[in-house]
Amino acid sequence: MSGIRSASRLVCSVLSALALTLTVSSTTASAASAADRPSTVSSGWNDYNCKPSAAHPRPVVLVHGTLGNSVDNWLVMAPYLVKRGYCVFSLDYGKLPGVPVFYGLGPIAKSAEELSVFVDKVRTATGVDKVDMVGHSQGGMMPRYYINFLGGADKVNHLIGLAPSSHGTTMMGLTKLMDAVPGARKALGGMAPGLTDQALGSEFLKRLNSSPDTMPGVEYSVIATKYDQVVTPHGTNFLSGPNVRNIMLQDLCALDLSEHISIGSIDRIVVHKVANLLDPANAEPTTCASVVS
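This one's a predicted model, so the numbers in the text were calculated from it and none came from an experiment.

Engineer: Now, about the sheet that holds strand 3 (residues 131–136): what can you tell me, with residues and values included?
Structural biologist: Within the open sheet, the six strands sit side by side as 2-1-3-4-5-6. Their pairing is parallel. Two strands lie at the open edges of the sheet, namely strand 2 (88–91) and strand 6 (244–248), each paired on one side alone. Taken pair by pair, the neighbouring strands of this sheet meet at an average axis angle of 15°, ignoring direction. Bridge analysis of strand 4 (residues 156–162) against strand 5 (residues 219–224) gives five bridges, and the strand direction is parallel. Counterpart to Leu 159 in the pairing with strand 5 is Tyr 220. Strands strand 1 (60–63), strand 2 and strand 3 of the sheet are contacted by helix 3 (residues 108–126), whose axis makes an angle of about 155° with strand 2.

Engineer: I'd love a proper account of the packing of aromatic side chains, names of residues and values included.
Structural biologist: As enumerated under the stated definition, the model contains three aromatic pairs in all. Centre to centre, the rings of Tyr 48 and Phe 89 are 5.0 Å apart; their planes meet at 50°, and the pair counts as tilted. One end of the pair, Tyr 48, is in the loop between helix 1 (2–36) and strand 1; the other, Phe 89, is in strand 2, and 41 residues separate them in sequence. Take Tyr 48: its relative accessible area is 27%, and that puts it in the partly exposed class. Centroid distance Tyr 145 to Phe 149: 4.9 Å. Interplanar angle 50°. Geometry classified as tilted. Here Tyr 145 pairs with Phe 149, and both are found in helix 4 (residues 138–149), just four residues apart, close to one helical turn. With a relative accessible area of 12%, Tyr 145 lands in the buried category. The structure contains a cluster of three or more aromatic residues connected by ring pairs, namely Tyr 145, Phe 149 and Phe 204. Residue placement shows Lys 95 over the ring face of Tyr 103; its charged tip is 5.0 Å from the ring centre. One cation-aromatic arrangement involves Arg 207 over Phe 149; the distance from NZ or CZ to the ring centre is 3.8 Å.

The rules behind these values
- Residues numbered from 1 in each chain as written.
- Predicted model: local features only at pLDDT ≥ 70, side-chain atom pairs only at ≥ 80, totals over all residues.
- Heavy atoms only, no water.
- Pairing = 2+ DSSP bridges.
- Helix = DSSP H or I, 4+ residues; strand = E, 2+ residues; numbered from the N terminus.
- Axes fitted to C-alpha atoms, helices over the stretch in contact; angles between N-to-C directions.
- Contact = heavy atoms within 4.5 Å.
- Phe/Tyr/Trp six-rings, centres within 6.5 Å; stacked < 30°, edge-to-face > 60°.
- Buried < 20%, exposed > 50% of the residue type's maximum accessible area, 1.4 Å probe, protein only.
- Lys NZ or Arg CZ within 6 Å of the ring centre and 35° of its normal.

Here is the structure:
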């Protein structure tokens, strides 16, 4: 009986730790959203009448992270890119029944199918063959499944990941704790598969990473932060391949303390670097001063 009680307490610890992680992430994201929310939500983007210009010939698809959504994750990035003449689109994916606002919790392979449908919708509306894509966290990793297994390699020009969970995460050791209890991973996956699909050792990650990190014909860029507290250990964000740029945020600005949430939501240095990556011919140096760009 004592063994059962110990296992039960361990499961409760895992659930409590995950709940705390979700609460902190949600609170941080909500606070950032309140601080940066424009008077007209999503004004200027998701405009299906927008036609790409000669200067910016590809629309930009923004892919939110776990617990994010098509608006709150992009309250800084989307207006910044729209102001610079891009056609910008964002989607909601990975919804769970009865869970509003906080998305990216459904099975990731299914979310990649939703992304595929959305990209085709954007391509049809704008009349282009390929899009550029910027994704945060799960949104920087999940598109690789779309590119590798769902035909996305012919439809994506450049994938830019912001703190992507490229090769999974130990969640600061929580995966070891979770796997110490028989059935705990399966139970948690039944509640929020979008979370456990990103945990190191998941069947989804085995499938994703059975193929090369990159596909020919697609450019890849990753911006990571040494202060990432969600995708751990550090360095697992980065991709390998001949067509990859791996960038540590602190190499652009050593004073930038952005962690996992802020690197993909409110960091203007990151936004400036993304704009450079989308338009390298007109790039300007990204430094600490870019925070006021």
